[in-house]
Amino acid sequence: MAGSKTELRTELRALAVFRAFAAAGGSLRLTELAGATGMAKSSCFALVRALEREGYLYELSARDGYYPTGRLQAHVEAIAAHDPVVAAVRPELERLRDE
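Peer 1: Teacher, can you tell me more about the packing of helix α1 (residues 4-24) against helix α2 (residues 30-37) here?
Peer 2: Helix packing geometry: the angle between the two helix axes and the distance between the axes. The interhelical angle for the contact between α1 and α2, taken along N-to-C directions, is 110°, at an axis separation of 9 Å. Classified by the interaxial angle, the pair formed by α1 and α2 is roughly perpendicular. The residues of α2 that touch α1, namely those facing Ala-16, Val-17, Ala-20 and Phe-21, are Leu-33, Ala-36 and Thr-37. Residues that form the contact of α1 with α2 fall into these classes: six nonpolar, one polar and no charged.

Peer 1: Looking at this structure, I do not really get the environment of Arg-95. What am I missing?
Peer 2: Along the chain, Arg-95 falls in helix α5 (residues 84-98). Residue classification places Arg-95 among the partly exposed positions, given a relative accessible area of 40%. A polar atom in the side chain of Arg-95 sits 2.4 Å from the side chain of Glu-92.

Peer 1: Honestly, the packing of aromatic side chains in this entry has me stumped. Any pointers?
Peer 2: The geometry of two aromatic rings is summed up by the distance between their centres and the angle between their planes. The final tally for this structure, using the stated rule, is two aromatic pairs. Aromatic pair Phe-21 and Tyr-67: ring centres 6.1 Å apart, planes at 75°, arrangement edge-to-face. Of this pair, Phe-21 sits in helix α1 while Tyr-67 sits in strand β2 (residues 65-68), and the two are 46 residues apart along the sequence. Residue class for Phe-21 comes out buried when judged on its relative accessible area of 5%. Residues Tyr-58 and Tyr-67 carry aromatic rings whose centres are separated by 6.5 Å and whose planes lie at 70° to one another, so their mutual orientation is edge-to-face. Here Tyr-58 falls in the partly exposed class, since its relative accessible area comes to 36%. One aromatic cluster is present, built from ring pairs that chain together Phe-21, Tyr-58 and Tyr-67.

Quick notes on the rules
- Position numbers for residues start from 1 in each chain and track the written sequence from start to end.
- Residue-level local features of this predicted model are given only where pLDDT is at least 70; pairs of side-chain atoms are given and counted only at 80 or more, and the full residue set underlies all totals for whole chains, interfaces and linings.
- Values shown for side chains rest on all heavy atoms present in the structure; no hydrogens or waters enter the calculation.
- A fitted line through C-alpha atoms serves as each axis, taken over the contacting stretch for helices, and the angle formed by two N-to-C directions is quoted from 0 to 180°.
- Helical segments are the DSSP runs of H or I of at least four residues, strand segments are the runs of E of at least two, and each set is numbered from the N terminus.
- When describing relative orientation, an angle under 35 degrees is termed roughly parallel and one over 145 degrees roughly antiparallel, while 65 to 115 degrees is termed roughly perpendicular and anything else oblique.
- Whether two residues are in contact is decided by their heavy atoms, any of which lying within 4.5 Å being enough.
- Side-chain classes follow a simple rule in which Ala, Val, Leu, Ile, Met, Phe, Trp, Tyr, Cys and Pro form the nonpolar group, Asp, Glu, Lys and Arg form the charged group, and the remainder, Gly included, forms the polar group.
- Exposure classes here rest on a 1.4 Å probe applied to the protein chains alone. A residue is buried below 20% of its type maximum, exposed above 50%, and partly exposed in between.
- Side-chain atoms alone can form a polar contact between residues adjacent in sequence; in general such a contact is a pair of N or O atoms within 3.5 Å, and within protein one must be able to donate a hydrogen while the other accepts it.
- Note on aromatic pairs: the rings of Phe, Tyr and Trp (six-membered ring only in Trp) are paired at centre separations within 6.5 Å, and the planes decide the class, stacked below 30 degrees, edge-to-face beyond 60, tilted for the rest.

Right, dumping it as structure tokens:
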């Protein structure tokens, strides 16, 4: 558990990266991403490289910056497909639809 605070901070920073892309509506250069997330450029670079290695970001070009891949969306869709609240109300919604 010694590294748990550091791991949590890194995970929260990763979420901040994806929030920054959502807000920007397009690609971001490293400097823009660091500014949008409040991270130091060196920390942002390390996180971007890790996300790129894991297949969550790709670099368009040195000038055009980075953009998320569809990998995160695939995870979100898989989670949403098994939402217990939706599963609980689906029969009632289908009944209402069919009336």
